[in-house]
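A structural walkthrough
Read off the chains here:
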Amino acid sequence: MNTRTVLVIGADGVLGGTVAAAYGHAGWQVLRGTRRYRGDPDSVPVDLSRPETIGPALAAADLTINTVADADLRAEQWALEHGHRILNMATVPVNSARRLRIRAAQSTSRGTVLLNAGLAPGVTNLVIADMLARHPESDTVDFVMCLPASGMAGRAGVHFVHENLTTIGHHGVYNKRSPRHDTRTVPLPPPMGNKKCFGFAERDRAWLLDTAGGRTIRTFAYIDRPHLHHLVIALNPLGLLPDVPEMPFRIGRQSISPQPSAEPILHWIATSRRGTQLEARTVECTGGYAHAAQAAVIFGDALTRTSATGCFNPEELCTLRSMNPQLDSAGIKVIDAADRARPLARREFTPRG
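Along each chain, the written sequence defines residue order, and numbers are assigned to residues from 1. The model is predicted, so local features are restricted to residues of pLDDT at least 70 and side-chain atom pairs to those at 80 or more, both for listing and for counting; the totals for chains, interfaces and linings are taken over all residues. Excluding hydrogens and water, the side-chain values take into account all heavy atoms of the structure.

**Digging into the sheet that holds strand β12 (residues 276–286)**
Pairing within the open sheet is mixed, and its seven strands lie in the order β8-β9-β10-β7-β11-β12-β14. Looking at strand neighbours, the two that pair on one side only are β8 (183–187) and β14 (333–336), the edges of this open sheet. Here the strands of the sheet are splayed against their neighbours by 30° on average, with no regard to which way each runs. As paired strands, strand β7 (residues 140–147) and strand β11 (residues 264–273) are joined by five bridges and run antiparallel to one another. Across the sheet, the residue bridging to Asp-142 is Ala-270, located in β11. Packed on one face of the sheet, helix α5 (residues 123–134) meets β7, β11, β12 and β14 and runs near 155° to β12. Strands are treated as partners if at least two bridges between them are detected by DSSP. The way it works is that DSSP assigns letters per residue, a run of H or I at least four long becomes a helix, a run of E at least two long becomes a strand, and they are numbered from the N terminus. To obtain each axis, a line is fitted to C-alpha atoms, and for helices this fit is confined to the stretch in contact; angles are then taken between N-to-C directions over 0 to 180 degrees. Between two residues, a contact is recorded if the distance between any of their heavy atoms is within 4.5 Å.

**Describing the packing of α5 against helix α11 (residues 320–329)**
Where α5 contacts α11, the two axes come as close as 10 Å, and the packing angle between them is 135°. When the interaxial angle is binned, α5 and α11 end up oblique. The crossing of α5 and α11 is left-handed. Judged by residue contacts, Val-123, Leu-126, Val-127 and Asp-130 of α5 engage Leu-320, Met-323 and Leu-327 from α11. By definition in this entry, angles of less than 35 degrees are roughly parallel, angles greater than 145 are roughly antiparallel, angles of 65 to 115 are roughly perpendicular, and the rest are oblique. For any pair of crossing helices, the crossing counts as left-handed if the nearer helix is rotated counterclockwise from the farther one by less than a right angle, and right-handed if it is rotated clockwise.

**Points about the sheet that holds strand β2 (residues 29–34)**
Read from one edge of the open sheet, seven strands run β3-β2-β1-β4-β5-β6-β13, paired in parallel fashion. Pairing within the sheet leaves two strands with one partner each, and these edge strands are β3 (43–45) and β13 (310–312). Across the sheet, the mean angle separating the axes of adjacent strands is 20° when strand polarity is ignored. Here strand β1 (residues 5–9) runs beside β2; their pairing, made up of five bridges, is parallel. Across the sheet, Leu-7 pairs through a bridge with Leu-31, a residue of β2. Running over the sheet, helix α1 (residues 14–25) touches β1, β2 and β4 (63–66) and is turned about 165° from β2. Contacts from helix α3 (residues 74–82) reach β1, β4, β5 (85–88), β6 (112–114) and β13 within the one sheet, and its direction differs from that of β5 by about 155°.

**A word on the side chain of Asp-336**
Topologically, Asp-336 is positioned in strand β14. A polar contact is formed between the side chain of Asp-336 and the backbone nitrogen of Ala-338, at a distance of 2.9 Å. Counting of polar contacts relies on pairs of N or O atoms within 3.5 Å, with two restrictions inside protein: one atom must be capable of donating a hydrogen and the other of accepting it, and residues adjacent in sequence are counted only when both atoms are side-chain atoms.

**Some remarks on unusual backbone geometry**
Here Ala-120 and Pro-121 are connected by a cis peptide whose omega angle stands at 5°. Note on placement: Pro-121 falls in the loop between β6 and α5. In this chain, Pro-190 is followed by Pro-191 through a cis amide linkage whose omega measures 5°. With respect to the helices and strands, Pro-191 occurs in the loop between β8 and β9 (194–199). Of note in this structure, Leu-73 is not a glycine but carries a positive phi near 50°. Along the chain, Leu-73 falls in the loop between β4 and α3.

**Overview of the confidence of the model for the protein**
Every residue is assigned a pLDDT by the predictor, reflecting its confidence on a scale from 0 to 100. When pLDDT is averaged across the protein, the result is 86; 85% of the residues are at 70 or more. Overall, residues 252–256 carries pLDDT values under 50, and its contacts beyond four positions in sequence, including any with other chains, amount to eleven contacts.

**Some points on α3**
Accessibility here uses a 1.4 Å probe with only protein chains present; expressed as a share of the type maximum, an area under 20% marks a residue as buried, one over 50% as exposed, and anything in between as partly exposed. Among the residues of α3, Ala-75, Glu-76, Trp-78, Ala-79 and Leu-80 are the ones counted as buried. With its phi angle positive at about 75°, Gly-83 sits one or two positions after the end of α3.

**Details of the packing of aromatic side chains**
To describe a pair of aromatic rings, you give the distance between the ring centres and the angle between the ring planes. Aromatic rings from Phe, Tyr and Trp, taking only the six-membered ring of Trp, are treated as a pair when their centres fall within 6.5 Å; an angle between ring planes under 30 degrees marks them as stacked, one over 60 as edge-to-face, and anything in between as tilted. Scanning all chains against the criterion turns up one aromatic pair. Between Tyr-23 and Trp-28, the ring centres sit 5.3 Å apart and the planes meet at 85°, which makes this aromatic pair edge-to-face. Just as Tyr-23 is buried, Trp-28 falls in that class too.

**Description of the pairing of β5**
Of the strand pairs in this sheet, β4 and β5 are connected by three bridges, and their pairing is parallel. Within the sheet, the bridge partner assigned to Asn-66 lies in β5 and is Asn-88. In the sheet, β5 pairs with β6 via three bridges, with the strands oriented parallel. By the bridge assignment for β6, Leu-87 is matched with Leu-114.

**Description of the side chain of Asp-47**
Within the secondary structure, Asp-47 is located in the loop between β3 and α2 (54–59). The buried category is assigned to Asp-47, whose relative accessible area is 11%. Setting aside residues no more than four positions away along its own chain, Asp-47 makes contact with Arg-35, Thr-53 and Ile-54.

**Some words on α1**
With twelve residues, α1 ought to run about 16 Å at 1.5 Å a step, and its terminal C-alpha atoms sit 17 Å apart, in line with that. Taken across its twelve residues, α1 has nine buried, putting it largely inside the fold. Among the residues of α1, Val-14, Leu-15, Gly-16, Gly-17, Thr-18, Val-19, Ala-20, Ala-22 and Tyr-23 are the ones counted as buried. Buried residues along α1 sit against β1, β2, β4 and α9 (288–305). Note on α1: the residue one or two positions beyond its end, Gly-27, has a positive phi of about 100°. An expected span of 1.5 Å times one less than the residue number is assigned to each helix.

Shown next, in the form of structure tokens:
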């Protein structure tokens, strides 16, 4: 079998570099797409603000992974028009995603675009879709995201966390005197226990809107460093978070580490109806970037095997049941809250639906 070639846009970044390494370990030939091209044999010049660099780079690969935020989704548009396959792991604004999906639906798309295909969003989308299939009567989805302090390394990671902490969405309250996020005490599993979490990404939840199918979505987060988490909780009711500059968030490494971090990651998801919780699950792993990259490899393999063309979210091309064996082998565990009460020998989780 010929070796498949993957282009990783943003391979000089923390996430992009980790993704490139994961694909290389999986046996792919990796082209590192970079704005700072120096003529290295395994690199190609890609600058999303210069459209003339996009086509030649994508045409040299069987699959493209985009880790660079681009509101215009130029690489994805090229892929749709020219019959290419591209997986996007960057944060995509809700309006940008909608425009691309409308464009793909209204035209004869030759290529395939998979948006929000990492760990969260990505694997969490599959979990939500599986839970809603089991409980279609659900009217609310609650999602709590872990924000690892060691993951705030590259500019994109810092900007994502800072923007969503300092911007209050329509689920929060915003006025000049007291802009603040909603908070909620969430029953996380041991050893965390009940934890007060803060509203997060309320304004732009594009990765959940379609998955939830019109249901109410409530998004919260917690930081895995207690002192930072408590600081956010303390500043929030005072309405001071929108005034916090980005610089304090530039903690952790400022360049790509030779070894991905291995901090515990736990995302919590619950469905409910009229205030009564129906089901809760967690997505757990060690190392946010490392396992986002592993998830991207699994999603990428699925993307190369599909015959569908157009623009999709993860749950439209994949199911948790079909992907769970690979996720489990990669160290990404989906655990039903009910399983935690069972003996250890019976805690193997099988997706339903």
